[in-house]
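What the coordinates show
Here is how the chains run, residue by residue.
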Amino acid sequence: MEKRVMTDSRRRRGLAAASALLGGVLVLSACSGSEADGDSGGGTTSQAKADEAAAEKSSEAQIKITPGDGSDNASINNAAKVTVAKGTLTDVTMKTADGQAVPGEISADKKSWAPSGQLERATTYRISAVAADSEGRKAHENASFTTVSPANSFIGNFTPEDGSTVGVGMPVSINFDKAITNKAAVQKGVTVTSSSGQEVVGHWFSANRLDFRPEEYWKGGSKVTLKLSLDGVEGADGVYGVQQKTVSFTIGRNQVSVVDAQTKQMKVMRDGKVVKTIPISAGSPENKTYEGQMVISEKFKETRMNGATVGFTDDDGEGEYDIKDVPHAMRLSTSGTFIHGNYWGAKSIFGSVNTSHGCVGLSDTKGANDPNTAAAWFYNNSLIGDVVVVKNTGDKTIAPDNGLNGWNMDWATWKQGSAV
């Protein structure tokens, strides 16, 4: 008994001393608890009350920034976004690592934010966001991420251009800047549709080239839509797509021109009817013109043609010809086949003799300024995507991948080249 009394006495003296030093025993008791509270240690209950008090003072707004802090290989299209729950966004800033501001907009309901345009590849961005809850209490969030690098991404360069009007033979041709090994995944991310309802199928010519066409030429006047949904698609090991784009083009009137190297005449047909017959000069017997269906892929009012670029050289290594102002030239193949104006040949050769190095020549004048020549008429009345069929040259049929000339492949074989 004596020992317990002494202990209580000492305890009371200790509390009194603490009270004198801290200036208020009642305040101390309220913060630390007592045996009467049912917590002999005081720690658990005091922490709970402290957490409760802090919660009452902090904002309920919950900000989420994507991509997450520290992410890399982020998309340049849809990755960056800020959203908030239990509150509204009041301020969002996005900058590159060197401090360049990125424009963006908070949504009308103030629940989300996104950049206004596409981001750059291989760039680090920092986002800072502020939101307020219903009582005006603010919450802050910050994150930094890096977009996918060119080495780890691929893009597809496509033709024809958005909004263009092209001929009935124009395929959709996509050339990827990286070799694609996961062809099925990439092809599933590309859709081509026509208002005509024609079935459109893709064909891989190589690991880098994917073309689309229907079984027959496009219907004149139809609208074709190309949709690229390649953002985040893994085209090869560790290489991801970044494109998210929709483009459309219109098919013009149906024009198909038939070059007959035997008669040395070209019949220009629209909707199956001959609208003009033009004398031509095709490849000479030593340099025959390819046969087959060829699509006009480029047009030049004037261009240079140097034989050395396509293998026609003299003993000194110089080109057999080098004409710096070939008029009204339209490309039919990647390897150098053109249908073009010819001002240097005698007018008598057109319709009578095949004299070229493999191109199809039409009568023209120097300078490409005379609208009355056969070449000028054909140039002015042709679209990129028009078809020129060449026959009776005695040469082989042009390879389907030599230019935009997939029409020289039958439909069954074409479909075999699809990955889906």
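Structure first, text after, so check above.
To start, this report covers the structure provided alongside it. Going along each chain's sequence as written, the residues are numbered from 1 onward. A pLDDT threshold of at least 70 governs which residues receive local features in this predicted model, and a stricter bar of 80 or more applies before side-chain atom pairs are shown or counted, although totals over entire chains, interfaces and linings include all residues. With hydrogens and water stripped out, all remaining heavy atoms of the structure feed into the side-chain values.

Some remarks on the overall build of the protein chain
Our working rule: Working definition: helices are DSSP H or I runs of at least four residues, strands are E runs of at least two. Numbering for both runs from the N terminus. Three labels apply to residues, based on accessible area from a 1.4 Å probe with only protein chains included: buried if under 20% of the type maximum, exposed if over 50%, partly exposed otherwise in between. A contact between two residues is defined here by any heavy atoms of the two lying within 4.5 Å. To measure how exposed things are, a 1.4 Å probe is used in the Shrake-Rupley method; for residues, cover is taken only from the protein chains shown.
Within the protein chain, the secondary structure is distributed over 6 helices and 27 strands. Burial status across the protein chain gives 42% buried among its 420 residues. Here the analysis covers contacts within the protein chain between residues at least 6 apart in sequence; of these, 64% occur between residues at least 24 apart. For the protein chain, the computed accessible surface area is about 21600 Å², with 49% contributed by carbon and sulfur atoms.

Things to note about the pattern of salt bridges
Filter applied, for reference: Put simply, a salt bridge is a Lys or Arg side-chain nitrogen that is within 4 Å of an Asp or Glu carboxyl oxygen.
On inspection of all chains with the given rule, the structure shows 7 salt bridges. The shortest N-O distance in the salt bridge between Glu-199 and Lys-415 comes to 3.8 Å. In this pair, Glu-199 sits in the loop between strand 12 (190-194) and strand 13 (200-204) while Lys-415 sits in helix 6 (residues 411-416), placing the two residues 216 residues apart along the sequence. The exposure class assigned to Lys-415 is partly exposed, which follows from its relative accessible area of 38%. Here the salt bridges do not stand alone but share partners, grouping Asp-133, Glu-135 and Arg-137 into one network.

Observations regarding the sheet that holds strand 24 (residues 322-331)
Using the following cut-off: When DSSP finds two or more bridges between a pair of strands, those strands are recorded as paired. Only the stretch in contact is used when fitting a helix axis, every axis being a line fitted to C-alpha atoms; angles between N-to-C directions are given from 0 to 180 degrees.
Here 4 strands make up an open sheet; going across it, the order is 23-24-25-26 and the pairing mixed. Either end of the sheet is taken by a strand with one partner, and the two such strands are strand 23 (298-306) and strand 26 (360-363). If you compare each strand with its neighbour and ignore which way they point, the axes differ by 40° on average. Bridge count for strand 24 against strand 25 (residues 338-342) is 2 bridges, and the pairing is antiparallel. Bridge pairing in strand 25 links Met-330 to Ile-339.

Focus on unusual backbone geometry
Residues Thr-66 and Pro-67 are joined by a peptide bond in cis, for which omega reads -5°. Checked against the element boundaries, Pro-67 lands in the loop between strand 1 (62-66) and strand 2 (81-85). Note the cis peptide between Thr-159 and Pro-160, where omega equals 5°. Looking at where Pro-160 falls in the secondary structure, it is placed in the loop between strand 9 (156-159) and strand 10 (165-166).

Concerning the pairing of strand 11 (residues 172-176)
The buried fraction of strand 11 amounts to 4 of the 5 residues, a majority that puts the element mostly inside the structure. Here strand 9 pairs with strand 11 via 4 bridges, running antiparallel. Bridging from a neighbouring strand, Asn-157 pairs with Asn-175 of strand 11. Bridge analysis of strand 11 against strand 14 (residues 209-214) gives 4 bridges, and the strand direction is antiparallel. In the sheet register, Ser-173 faces strand 14, and the bridge partner there is Asp-211.

Digging into the nonpolar core
Heads up, the condition is: We call a set of buried Ala, Val, Leu, Ile, Met, Phe, Trp, Tyr and Cys residues a nonpolar core when their side-chain atoms join them within 4.5 Å.
In terms of nonpolar packing, the biggest core is built from 34 residues, with Ile-174, Phe-176, Val-186, Val-192, Phe-212 and Leu-226 touching the most fellow members. Those elements giving two or more residues to this core turn out to be strand 11, strand 12, strand 13, strand 14, strand 15 (223-229), strand 18 (244-251), strand 19 (255-260) and strand 27 (387-391). Once you skip the residues sitting within four places of it in the chain, Phe-212 turns out to touch Pro-171, Val-172, Ile-174, Gln-187, Val-190, Val-192, Val-200, Val-201, Gly-202, Trp-218 and Trp-414. Core analysis: the next-biggest nonpolar cluster, separate from the first, contains 24 residues, Trp-113, Ala-131, Ala-143 and Val-148 among them.

A word on the environment of Thr-83
Tracing the chain through its elements places Thr-83 in strand 2. With a relative accessible area of 27%, Thr-83 lands in the partly exposed category. Each C-alpha atom of the pair Thr-83 and Ala-129 lies 9.4 Å from the other, and the pair is 46 residues apart in sequence.

Overview of the pairing of strand 2
Consecutive side chains of a regular strand alternate in pointing toward one face of the sheet and then the other. Here strand 2 shows a clear split, with Val-82 and Val-84 buried on one side and none of Lys-81, Thr-83 and Ala-85 buried on the other. Where strand 1 lies against strand 2, 5 bridges are found, and the strand directions are antiparallel. Counterpart to Ile-63 in the pairing with strand 2 is Val-84.

Side note on the packing of aromatic side chains
Any aromatic ring pair is given by two values, namely how distant the centres are and how the planes are angled relative to each other. As a reminder, the rule being used: When two rings of Phe, Tyr or Trp (its six-membered ring) have centres within 6.5 Å they constitute a pair, described as stacked for plane angles under 30 degrees, edge-to-face for angles over 60, and tilted for the intermediate range. Placement of a positive charge over a ring is assigned whenever Lys NZ or Arg CZ falls within 6 Å of the ring centre and within 35 degrees of the normal to the ring plane.
Considering all chains together, one arrives at 6 aromatic pairs under this definition. With 4.9 Å between their ring centres and 80° between their planes, Tyr-217 and Trp-407 make a pair best called edge-to-face. Note that Tyr-217 is positioned in the loop between strand 14 and strand 15 and Trp-407 in the loop between strand 27 and helix 6, a separation of 190 residues in sequence. Residues Tyr-217 and Trp-407 agree in their burial class; the two are buried. A connected cluster of aromatic rings, assembled from ring pairs, spans Phe-154, Phe-176 and Trp-204. The aromatic ring of Trp-377 is capped on one face by Lys-276, whose charged end is 5.1 Å from the ring centroid. Against the face of Tyr-379 rests Lys-299, its NZ or CZ located 4.4 Å from the ring centre.

Focus on the environment of Ala-346
Considering the arrangement of structural elements, one finds Ala-346 in the loop between strand 25 and strand 26. Separated by 17 residues in sequence, Ala-346 and Ser-363 place their C-alpha atoms 8.8 Å apart.

Quick notes on the sheet that holds strand 5 (residues 112-115)
Reading across from one edge, 1-2-5-4 is the order of the 4 strands in this open sheet, with antiparallel pairing throughout. Each having just a single partner strand, strand 1 and strand 4 (104-106) make up the two edges of the open sheet. Taking each pair of neighbouring strands and ignoring which way they run, the sheet shows an average axis angle of 10°. Note: strand 4 against strand 5, 3 bridges, orientation antiparallel.

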